[in-house]
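Observations on the model geometry
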Amino acid sequence: MERLKSEVKRRFLVSSESVRLFHGRGHCFPGLEDVLIDWFEPVVLITLYEKRDRLWLSELVDFLRTVLKGLKGVILQERFLKFSPSRILFGELPEEVDAIENGLKYRLLMNKAQNVGYFPDMALVRSVVRDQAPGKNVLNLFAYSCSFSVAAIAGNARQVVNLDMNRNALALGKLNHQINHLDLRKASFLRLELFRSFSRLKKLAPFDLIICDPPAEQGRSFCAEKHWSKLVTKLPALIQPGGELMACLSSPHLSPNDLQALFSNYCPQAQLLRTIRAGENFPEISSDKGLNVLHYQFD
Ligand SMILES: C[S@@+](CC[C@H](N)C(=O)[O-])C[C@H]1O[C@@H](n2cnc3c(N)ncnc32)[C@H](O)[C@@H]1O
């Protein structure tokens with residue numbers, strides 16, 4: 001617990017926006033692999049992947065109350081239980097809570113869904129997308145709440161096509177553009193199953209930048225081993241010569257080396273520019289684990 005407390009204090013002090021206060025999932029803190037703590041002012045979200053006893057939780061809540069200035073509520077999400085339910089441990093949950101990142105807002109689904117609508121480990125990738133966006137025609141695959149689209153349009157992208165099969169996620173994505181006062185004429189929202197939609201996407205191509213951020217694994221909709229090879233063979237036809245692809249990988253079923261091998265075999269015209277990781281707020285014991293985003297350019 002002492003290690004956790006010093007991490008939380010340190011990260012809270014240096015951040016003026018939303019921040020991951022503690023990242024145990026990267027196995028850098030023995031005995032705390034099941035714990036994540038996120039600050040979304042004025043609320044803190046504790047996510048547990050294993051059961052913890054009441055004493056441990058009340059010590060943590062007391063600590064958070066003394067350290068986090070402006071704290072109004074502590075929410076606990078228990079991922080090890082069916083449907084990952086959430087409950088309030090302290091205070092109250094404001095009607096609307098937003099993640100704030102680089103001056104942009106992302107509305108959160110606190111207490112409503114397993115995923116809160118925002119993935120903090122993608123912050124550095126969103127910042128790269130925002131920097132690269134000016135004038136670009138962007139395709140955002142597996143768009144979910146369209147955070148990459150928000151970042152790209154804030155960075156003056158010409159147009160962003162968001163594709164996801166989940167209607168509610170896209171509705172949240174649209175809202176995310178609205179709460180940031182972004183021009184919605186620049187964004188489109190396609191509720192489609194990707195692997196049946198390549199011919200439709202071809203009509204909208206070529207794109208200058210494609211972001212491809214599939215789930216690690218999702219029933220029949222996405223299986224890393226099977227579907228990544230499809231993506232690697234199909235995506236080049238949608239990219240402009242000189243265009244770029246962000247291939248986002250966070251799957252225990254496929255390593256970054258496996259994905260690079262797929263590109264070398266099926267897509268030799270793609271040149272790996274760099275690999276982007278989640279950054280120092282998300283320490284990982286192994287560079288293969290956690291987030292690896294392969295940034296490619298196409299000849
Ligand atoms: C990891 S989330 C994407 C996160 C998002 N890029 C972000 O940064 O917030 C995965 C998304 O993929 C969508 N999805 C999974 N399989 C799909 C498929 N075959 N076609 C279209 N969307 C799919 C899910 O609905 C979900 O919203």
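This structure is a prediction, so every number in the text was calculated from the model and none was measured.

1. A word on the domain arrangement of the chain
- Annotation of the chain at the domain level lists domain 1 (2–95) and domain 2 (120–298).
- For domain 1 versus domain 2, the distance between C-alpha centres works out to 29 Å.
- Domain 1 puts 10 residues into the contact, and the matching count from domain 2 is seven residues.
- Summed over both sides, the interface of domain 1 with domain 2 buries roughly 790 Å², with 56% coming from carbon and sulfur.
- Where domain 1 touches domain 2, the interface holds one salt bridge.
- E280 is paired through a salt bridge with R11; the nearest N and O atoms lie 3.8 Å apart.
- Summed over the shared surface of domain 1 and domain 2, the number is four residue pairs in polar contact (both at pLDDT 80 or more).
- Elements supplying a minimum of two residues to the side of domain 1 that touches domain 2: helix 1 (2–14) and strand 1 (19–23).
- With three residues, strand 1 is the single largest residue contributor to the side of domain 1 that touches domain 2.
- A breakdown of the residues in the side of domain 1 that touches domain 2 according to their chemical character gives three nonpolar, three polar and four charged.

2. Some details on the packing of helix 1 against helix 2 (residues 54–67)
- Look at helix 1 against helix 2: their axes get within 11 Å of each other, and the N-to-C directions meet at 25°. What the angle tells us is that helix 1 and helix 2 run roughly parallel. The two elements helix 1 and helix 2 meet at a crossing, and its hand is right-handed. Along the contact surface, helix 1 presents E2, L4, K5, V8, K9 and F12, while helix 2 presents W56, E59, L60, F63, L64 and V67.
- Classifying every residue of the contact of helix 1 with helix 2 by side-chain character gives eight nonpolar, no polar and four charged.

3. What to know about the pattern of salt bridges
- One pass over the structure, following the stated rule, counts 13 salt bridges.
- Here E59 makes a salt bridge to K5, at a shortest N to O gap of 3.0 Å. Separated by 54 residues along the polypeptide, E59 in helix 2 and K5 in helix 1 bring together distant segments of the chain.
- Residue K5 is classed as buried on the basis of its relative accessible area of 15%.
- Residue R126 pairs with E101 through a salt bridge whose shortest N-O separation is 2.8 Å. Here R126 is found in helix 3 (residues 123–132), whereas its partner E101 is found in strand 6 (residues 98–101), with 25 residues between them in sequence. The same class applies to R126 and to E101, which are both buried.

4. Let's talk about the sheet that holds strand 14 (residues 239–249)
- Spatially, 10-9-8-11-14-16-15 is the arrangement adopted by the seven strands of the open sheet, whose pairing is mixed. Each edge of the open sheet carries a strand with a single partner, namely strand 10 (187–191) and strand 15 (270–277). Neighbour-to-neighbour, the strand axes of this sheet turn through a mean angle of 15°, independent of strand direction.
- Across five bridges, the pairing between strand 11 (residues 207–212) and strand 14 is parallel. In the sheet register, L209 faces strand 14, and the bridge partner there is E244.
- Packed onto the sheet, helix 4 (residues 147–154) meets strand 8 (137–141), strand 9 (159–164), strand 10 and strand 11 and runs at close to 180° relative to strand 9.

The rules behind each value
- Residues numbered from 1 in each chain as written.
- Predicted model: local features only at pLDDT ≥ 70, side-chain atom pairs only at ≥ 80, totals over all residues.
- Heavy atoms only, no water.
- Domains from an automatic or database assignment.
- Contact = heavy atoms within 4.5 Å.
- Buried area = accessible area lost by both parts, 1.4 Å probe.
- Salt bridge = Lys/Arg side-chain N within 4 Å of Asp/Glu carboxyl O.
- Polar contact = N/O pair within 3.5 Å; in protein donor to acceptor, adjacent residues only side chain to side chain.
- Helix = DSSP H or I, 4+ residues; strand = E, 2+ residues; numbered from the N terminus.
- Nonpolar A, V, L, I, M, F, W, Y, C, P; charged D, E, K, R; others polar.
- Axes fitted to C-alpha atoms, helices over the stretch in contact; angles between N-to-C directions.
- Parallel < 35°, antiparallel > 145°, perpendicular 65-115°, else oblique.
- Left-handed = near helix turned anticlockwise from the far one by under 90°.
- Buried < 20%, exposed > 50% of the residue type's maximum accessible area, 1.4 Å probe, protein only.
- Pairing = 2+ DSSP bridges.

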